[in-house]
Amino acid sequence: MSQLAAIAHMSVRQLQRLFAEYVGIGPKWVIRRARMQEAAARAATEPQDWSALAAELGYADQAHFTRDFTACIGTSPAKYASSAGRRNDA
């Protein structure tokens, strides 16, 4: 958020207000959703090292990533990968 606000030459709060006004939701929600869509797409196509993927997507730990994934997608990353025909290698 702070990087995006700096690029737009405004405070984080100004960016949040404008985003909510024009998009209808906060930028943090959009960023989280994009991360989860990326994770789901990758899980569906190839086996994943979940901790490495979590770090790559900007999560501090795998547990936080797994909670967000489950809340957003509706199932755990490993179950999602299995239902997509992939196995959980890590």
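Described below are features of the structure shown in this document. (Residues numbered from 1 in each chain as written. Predicted model: local features only at pLDDT ≥ 70, side-chain atom pairs only at ≥ 80, totals over all residues. Heavy atoms only, no water.)

**Notes on the overall build of the chain**
Note the following rule: Strands are runs of DSSP state E lasting at least two residues, helices are runs of H or I lasting at least four, and both sets are numbered from the N terminus onward. The size measure is the radius of gyration over C-alpha atoms, and the globule rule it meets is 2.2 Å times the number of residues to the 0.38 power. Computed with the Shrake-Rupley method and a 1.4 Å probe, the accessible areas treat only the protein chains shown as cover for residues. Positive charges come from Lys and Arg, negative ones from Asp and Glu, while His and the chain ends are left out of the count. For the purpose of locating charges, the reference atoms are NZ of Lys, CZ of Arg, CG of Asp and CD of Glu.
On a plain count of helices and strands, the chain comes out with six helices and zero strands. When its helices and strands are written in sequence order, the chain yields α-α-α-α-α-α. At 15 Å, the chain has a C-alpha radius of gyration far larger than the 12 Å of a compact globule built from 90 residues. Each of the three principal axes of the chain carries a C-alpha extent, and together these read 45 × 20 × 20 Å. For the chain, the exposed area adds up to about 5,700 Å²; of that, 53% sits on carbon and sulfur atoms. Each charge class in the chain can be summarised by its mean position, and for the 11 positive and 8 negative side chains these summaries are 7 Å apart.

Nothing here speaks to function; it is all geometry.
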